[in-house]
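# Structural characterization, general
Chain residues, written in single-letter form:
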Amino acid sequence: MPPKTIDTIDLSNTTAAYYAPATVANPGKLIHVAGQPGSTKDGRVPEDYESQIHLALLNLRKIIIAAGASITDIAKLTLLIVDYPSTNRKHARHIQRFLAGHRPAITLIPVPQLAVPGWKFEIDAVLALPAAPAVLTPLPTVDETVDVVIIGAGLAGLSAAQDVIKSGLTCVVLEARDRVGGKTWSQPLEDGKGTVDLGAAWINDTNQSRMYALAKRYGAELIVQNTGGNCVLQDFDGRCTPFPYGELPNFDSETQRKLAGIRDMCEADCQALDTWKPKDTTLDYQTFESYLLSRGADDVAVATATVWTRAMLGVEPRDISALYFLNYCKSGGGLLQMRSDRKDGGQYLRVRQGTQVFALGLASSLPEGVVRLNSPVQAVAQDGGRSVKVQAGGHVYAARKVITTVPGPVLKAIAFNPPLPPAKQVWIDSLTYGYYTKAMMEFKSPFWAEKGFCGLAQSFIGPASVIRDTCSPADKKYVLTCFMAGGPGTEWAALSTPERETSLLAQLEQLYGVEDIKKEFKQMLTYEWVHDEFAGWGCPCTSLAPGVLDTLGGDGLREPCGNLHFAGTETAGEWKGYMEGAVRSGERAAAEVVKDLRAGFVSRL
Ligand SMILES: Cc1cc2nc3c(=O)[nH]c(=O)nc-3n(C[C@H](O)[C@H](O)[C@H](O)COP(=O)(O)OP(=O)(O)OC[C@H]3O[C@@H](n4cnc5c(N)ncnc54)[C@H](O)[C@@H]3O)c2cc1C
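Computed from a prediction, not measured in an experiment: that's the story for all the values here.

As a further point, take the site of the ligand. If you check the shell around the ligand, you find 39 residues, and the closest are Gly152, Gly154, Gly182, Ala200 and Cys539. Of all elements in the fold, only helix 3 (155-166), strand 11 (202-203) and helix 18 (579-598) reach the threshold of two or more residues within the shell around the ligand. Its residues placed into classes, the shell around the ligand shows 24 nonpolar, 10 polar and five charged. Split by domain, the shell around the ligand shows at least three residues from each of two domains, domain 2 (144-182 + 355-420 + 561-598) and domain 3 (186-227 + 346-351 + 434-535).

Next comes the structure, spelled out in structure tokens:
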């Protein structure tokens, strides 16, 4: 770890603030960053204030990384805000997320205008760097040599390993945890009534061809998602209204018309994108919320779209680039297909044994000794020539190629020598998770189905944003899986466990019109990936704020660096963020590596 150069000075009443009243720096070098406005790399400025904040923070991040510094080297920030809305401090949320717990001194100056008309936000910074950069110590002697080291035994890593081995090369898969599967993790229920998936649950049997092939190969018993009967919408005022699956909720006809228009516009805009290389500055320079509002979305349309971003990525529409979100949808065939619980949709089939069956099957089909559990990778050193060394625990491996499949935020915890190129670092540092937890509520009976509901519910107010039936009738397992996500999910997460249960049960009572739901309730099961370091502190997939795709291009995360190749679901072109995307990304990275090694072509540097 580089030496710490910034210490905060606090007063008794300031420790809870996200910034410090003062910082002390003991620098070797001071960096003064000029005011950064919220403009794209071509100087275009979105009208929307929050989109400008995202772009200004990206511009600041680019400079910090180009200077060889990091966010934790910021000693002081100054914010210049036009027409400062003191009762609606929108900047605070974005700056807090940007600082990720670091607390520099901050001064906010409301101003009547900035240098260019249309600029609403500008930020400058002072950073303190140590006198000498941290020296990366050479890795100890090599213990083992293979052709390819693969980092991570999730679906991407195991699929890559399968293809590498098939090609006749040797490999090891280094996995930090004591199990395979990564974000697929199936837990048996204590009373023997089947399993619950704490991570991924749904696949389909058409456009998710890799997952369906694995399901057949490893004998997964598939359960068709229940879409028979009514869904429910919980409106802003808490009122719950049933409506048939596949139709719009029962708003008045004008609201329905507008909602359908916005939905169809999102669908058309995402279909127009090249999922591998999305390019559209106008979509990328603004948040998804700003995109919706600028195209006439009313409160209901924005709230509905908020349910989409929460349930799919755990984020609010004001935190994600419109291009990133629309392209994410396109990668799964489009907004409608990705959100569908029917044939071809993202939520069509579940696995009775749990989805970890895929990783367990893949791991057991690899030769003995290929997967090394309890092997967290700490360092990767490329010598610029023919070999890469990888340190995991006390062991050092040498390989001709390395494939990393860890989630983007985990890459920040691995020491790369030489450091990853600045563009890659900007991309990785810009990847963020929202809040996303599945709360599985187990009941004695499927009371909702008995009342004519399919279980699918969506709420504008929470605490759960979306709820789905995840029963396994053959196991007499009756579960409603509640997606606790985005803002309402974060508020729910701040409660104690009994309070969490009570608030969710109250919502379920309202949604399905039941009295005394506690009589039916057995238990709540959750796993909070936000506390999981090897998931990168979140799930199901990271996302990007405005500007990153436009600045760095769609391939930025995927492109190899020398003999280091990048896989994992975030790098997928198809079904990004899903198990299918993970498998396909592993196959793609394995193909890159095999092609290079067969050609005797070792370094791309
Ligand atoms: C709650 C939840 C719900 C989801 N729902 C669905 C769904 O219904 N359908 C769907 O298709 N997808 C869903 N997903 C997403 C799906 O789980 C992922 O897209 C997929 O599993 C990612 O696989 P991966 O191999 O890319 O990454 P991961 O599964 O994250 O695998 C990466 C591996 O790297 C390991 N690792 C991390 N750091 C290190 C290190 N330093 N050294 C060595 N190893 C390391 C990790 O332990 C992990 O095993 C969901 C995910 C979650 C969490």
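We are not done yet, so read on.
The next point concerns the sheet that holds strand 12 (residues 222-224). With antiparallel pairing, the three strands of this open sheet are ordered in space as 11-15-12. The sheet terminates laterally at strand 11 and strand 12, the two strands that pair on one side only. Inspection of the sheet shows strand 12 paired to strand 15 (residues 349-351) by three bridges, in the antiparallel sense. Of the residues in strand 15, the one forming a bridge with Val224 is Leu349.

Before going further, it helps to spend a moment on the UniProt feature "binding site: substrate" (unreviewed entry) in the protein. Residues given the UniProt feature "binding site: substrate" (unreviewed entry) here are Phe483. Counting through the fold element by element, Phe483 comes out in strand 24 (residues 478-485). Among all residues touching Phe483, those that are not within four sequence positions of it are Ala311, Lys438, Ala464, Ser465 and Val466.

With that settled, the discussion passes to the UniProt feature "domain: Amine oxidase" (unreviewed entry) in the protein. Following the UniProt record, one finds the feature "domain: Amine oxidase" (unreviewed entry) at residues 155-593. The distance separating the terminal C-alpha atoms of residues 155-593 is 17 Å; by composition the span is 34% helix and 21% strand.

Moving on, we come to the environment of His91. Assignment of secondary structure puts His91 in helix 2 (residues 90-99). Placed 174 residues apart in sequence, His91 and Met265 show a C-alpha to C-alpha distance of 29 Å. Those residues in contact with His91 that sit more than four places away from it in its chain are Ile53, Leu79, Ile81 and Phe121.

Cut-offs used in this document
Residues numbered from 1 in each chain as written. Predicted model: local features only at pLDDT ≥ 70, side-chain atom pairs only at ≥ 80, totals over all residues. Near = placed C-beta within 6 Å. Helix = DSSP H or I, 4+ residues; strand = E, 2+ residues; numbered from the N terminus. Nonpolar A, V, L, I, M, F, W, Y, C, P; charged D, E, K, R; others polar. Domains from an automatic or database assignment. Pairing = 2+ DSSP bridges. UniProt positions renumbered as here; feature names shortened; annotations may be inferred. Contact = placed C-beta atoms within 7 Å.

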